[in-house]
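What the coordinates show
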Amino acid sequence: MGMGLVVDYAGVLTDPGAGELFEAIKALRNRGVRTALLSNAPGGGTVTTVLARYFDELVFSGEVGVAKPDARVYLLTAARLGVPVEACVFVDDSRPNVAGAVAAGMVGVHHTTVPGTLAELSVLFSA
């Protein structure tokens, strides 16, 4: 069974040192982990060109009509990845959004620092 990694944008990938997160995402994707960006933004705009190199799916609340922490947006993202929701790890700096992902069946990682998130991801994806 494949695994999925779902990552928020603002507050996670905009952090100082986020380059290391991008590298980790790329490395996991190269190992066959399906990756998605899940943002409550209205749409991707110009940032999507850069992000498309790291993610299999880009999900923006403004485009799909449902926002975090609504369980439907996590289920939709997992479905787009083709990965069971239980096999997805979700990273966000917002506790309510992480709680929503966990309630929907995902493994939640509350992002506070880049090194902390990298450490959690290395444990969760150690295969």
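Quick caveat: nothing in here was measured; it's all calculated off a predicted structure.

So, how was this worked out
Residues numbered from 1 in each chain as written. Predicted model: local features only at pLDDT ≥ 70, side-chain atom pairs only at ≥ 80, totals over all residues. Heavy atoms only, no water. Helix = DSSP H or I, 4+ residues; strand = E, 2+ residues; numbered from the N terminus. Rg over C-alpha atoms; globule rule 2.2 N^0.38 Å. Axes fitted to C-alpha atoms, helices over the stretch in contact; angles between N-to-C directions. Left-handed = near helix turned anticlockwise from the far one by under 90°. Contact = heavy atoms within 4.5 Å. Nonpolar A, V, L, I, M, F, W, Y, C, P; charged D, E, K, R; others polar. Salt bridge = Lys/Arg side-chain N within 4 Å of Asp/Glu carboxyl O. Expected span 1.5 Å × (residues − 1). Buried < 20%, exposed > 50% of the residue type's maximum accessible area, 1.4 Å probe, protein only. Arc of directions from axis to C-beta. Right-handed = clockwise from strand over helix to strand, strands pointing away. Pairing = 2+ DSSP bridges.

Next up on the list: the overall build of the protein chain. Helix and strand counts for the protein chain stand at 6 helices and 5 strands. In sequence order, the protein chain lays out its α and β elements as β-α-β-α-β-α-α-β-α-β-α. Compactness check: the protein chain gives a C-alpha radius of gyration of 13 Å against a globular reference of 14 Å for 127 residues, within 12% of the reference. Judged by the C-alpha coordinates and their principal axes, the protein chain covers about 35 × 30 × 25 Å.

As a packed pair, helix α4 (residues 71-81) and helix α5 (residues 95-104) sit with axes 8 Å apart at the nearest point and diverge in direction by 65°. Taken as a pair, α4 and α5 cross one another with a handedness that is right-handed. Across from Ala71, Tyr74 and Leu75 in α4, the residues of α5 making contact are Asn97, Gly100, Ala101 and Ala104. Partitioning the contact of α4 with α5 into residue classes produces 5 nonpolar, 2 polar and no charged.

The next subject is the pattern of salt bridges. Taken as a whole and judged by the stated rule, the model has 6 salt bridges. Asp70 serves as the salt-bridge partner of Arg72, at 2.7 Å between the closest nitrogen and oxygen.

What follows covers helix α1 (residues 18-30). With 13 residues, α1 ought to run about 18 Å at 1.5 Å a step, and its terminal C-alpha atoms sit 18 Å apart, in line with that. Restricting attention to buried positions, one finds in α1 the residues Ala18, Leu21, Phe22, Ile25 and Leu28. Along α1, the residues classed as buried sweep out an arc of 125° about the axis, all on the same side. Looking at the buried residues of α1, the elements they touch are β1 (4-7), β2 (34-39), α2 (47-51) and α6 (114-124). A positive backbone phi angle near 100° is found at Gly32, which sits one or two residues after α1.

This part takes up the pairing of β1. With burial as the criterion, each face of β1 is covered, one bearing Gly4 and Val6 and the other bearing Leu5 and Val7. Note on the crossover from β1 through α1 to β2: the handedness is right-handed. As paired elements, β1 and strand β4 (residues 88-92) share 4 bridges and run parallel to each other. The partner of Val6 across the bridge, within β4, is Phe90.

Now for the side chain of Ser39. Structurally, the position occupied by Ser39 is in strand β2. What makes Ser39 buried here is its relative accessible area of 8%. If sequence neighbours within four positions are ignored, Ser39 has contacts with Asp8, Tyr9, Val59, Phe60, Ser61 and Lys68.

If you walk across this open sheet you meet the 5 strands as β3-β2-β1-β4-β5, and the pairing is parallel. In the strand order of this sheet, the two ends are held by β3 (57-60) and β5 (107-110), each with one partner. Looking at each pair of strands side by side, their axes are set apart by 20° on average, direction ignored. Two elements, β1 and β2, share 4 bridges in a ladder whose sense is parallel. From the neighbouring strand, Val7 faces β2, where its bridge partner is Leu37. Contacting β1, β2, β3 and β4, α4 crosses the sheet at an angle of about 150° to β2.

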